[in-house]
Structure formats: C-alpha cells, structure tokens
Amino acid sequence: MDSSTSTRRRMRSGGVALGGMGLLAAALVACGSSKEPDRRCADRLTLDQYSMEECKKGGRGSYYYGGHVPTGNKVSGGSFDKKAVERGGIGGGSSSSGG
C-alpha cells in the first residue's frame, strides 16, 4: 500500500466521523427543541399507567404530563395539568436572575 492510498483512507474516515457528529447534533437539537412535555396515559385515582389507547376516544385514562414510571407501573413526578409541567430541552426557556 502506498502513502497516497493510506492518506486518502484516513481522510475519508475522518469525514465520515465529522458528518456523523453533525447528524447527531442536529437530531439532539431537533428532539430537545419541542415545547411539549412528555405525556402518558394514566388513571386519575390510582395513578396506574395505561396504554395510550385508553386516553383516546373516551377511554378510561387521562393524559399525565411529565414525570416518570419508577416501579409498579404507577406514574410519578408529573401532573394531569399540562400547564403545570414545563419542558426545558436544549436551550430551553428557563431563566434566572441574581440579586
């Protein structure tokens, strides 16, 4: 193998790595820029998580925003009130003032 082949091969793989990093960065920005909080379907009384079908067309569930499902299939850390949950994301709208 001569030196021109070796140099060309290195440059090609470096370009692929840089291109891949650019795509990854664009995907992260696109995912994090949504102002909508995560939502799940859950029972208002028991906090049991349901399939999303249960929240559609008069099902037995209600949308639960934010939070997570730590154990036991029960939602936690969010709210049934969408306005009570804010989503930060990359470059999110949080601000603070010092005094």
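Here, every reference points to the structure presented above.
Residues numbered from 1 in each chain as written. Predicted model: local features only at pLDDT ≥ 70, side-chain atom pairs only at ≥ 80, totals over all residues. Heavy atoms only, no water.

A. Spatial organisation of the environment of Gly72. Position of Gly72 relative to the elements: it lies in the loop between β3 (62-68) and β4 (76-79). For Gly72, a relative accessible area of 63% corresponds to the exposed category. Separated by 23 residues in sequence, Gly72 and Gln49 have C-alpha atoms that sit 9.3 Å apart. (Helix = DSSP H or I, 4+ residues; strand = E, 2+ residues; numbered from the N terminus. Buried < 20%, exposed > 50% of the residue type's maximum accessible area, 1.4 Å probe, protein only.)

B. Just the side chain of Asp43, in detail. Secondary-structure assignment places Asp43 in the loop between β1 (39-42) and β2 (49-50). Reaching out from Asp43, the side chain makes a polar contact with the side chain of Tyr50 at a distance of 3.0 Å. When near neighbours in sequence (up to four residues on either side) are disregarded, Asp43 contacts Asp48, Tyr50, Arg60 and Phe80. (Polar contact = N/O pair within 3.5 Å; in protein donor to acceptor, adjacent residues only side chain to side chain. Contact = heavy atoms within 4.5 Å.)

C. Just unusual backbone geometry, in detail. Backbone geometry places Leu47, a non-glycine residue, at a positive phi of 65°. Within the fold, Leu47 resides in the loop between β1 and β2. Judged by its relative accessible area of 30%, Leu47 is partly exposed. The backbone phi angle of Asn73 is positive, close to 60°, even though this residue is not glycine. Its place among the elements puts Asn73 in the loop between β3 and β4.

D. Quick peek at the pattern of salt bridges. Scanning the model with the defined rule gives 4 salt bridges in all. Glu36 is the salt-bridge partner of Lys82, the closest N and O atoms lying 2.7 Å from each other. Here Lys82, found in the segment after β4, pairs with Glu36, found in the loop between α1 (3-32) and β1; they are 46 residues apart in sequence, far enough to count as distant. Relative accessible area serves as the criterion here: at 44%, Glu36 is assigned to the partly exposed category. Between Lys74 and Asp48 there is a salt bridge, with its nearest N and O atoms 2.7 Å apart. Within this pair, whereas Lys74 is found in the loop between β3 and β4, its partner Asp48 is found in the loop between β1 and β2, the two being separated by 26 residues in sequence. Lys74 gets classed as partly exposed once you look at its relative accessible area, which sits at 37%. (Salt bridge = Lys/Arg side-chain N within 4 Å of Asp/Glu carboxyl O.)

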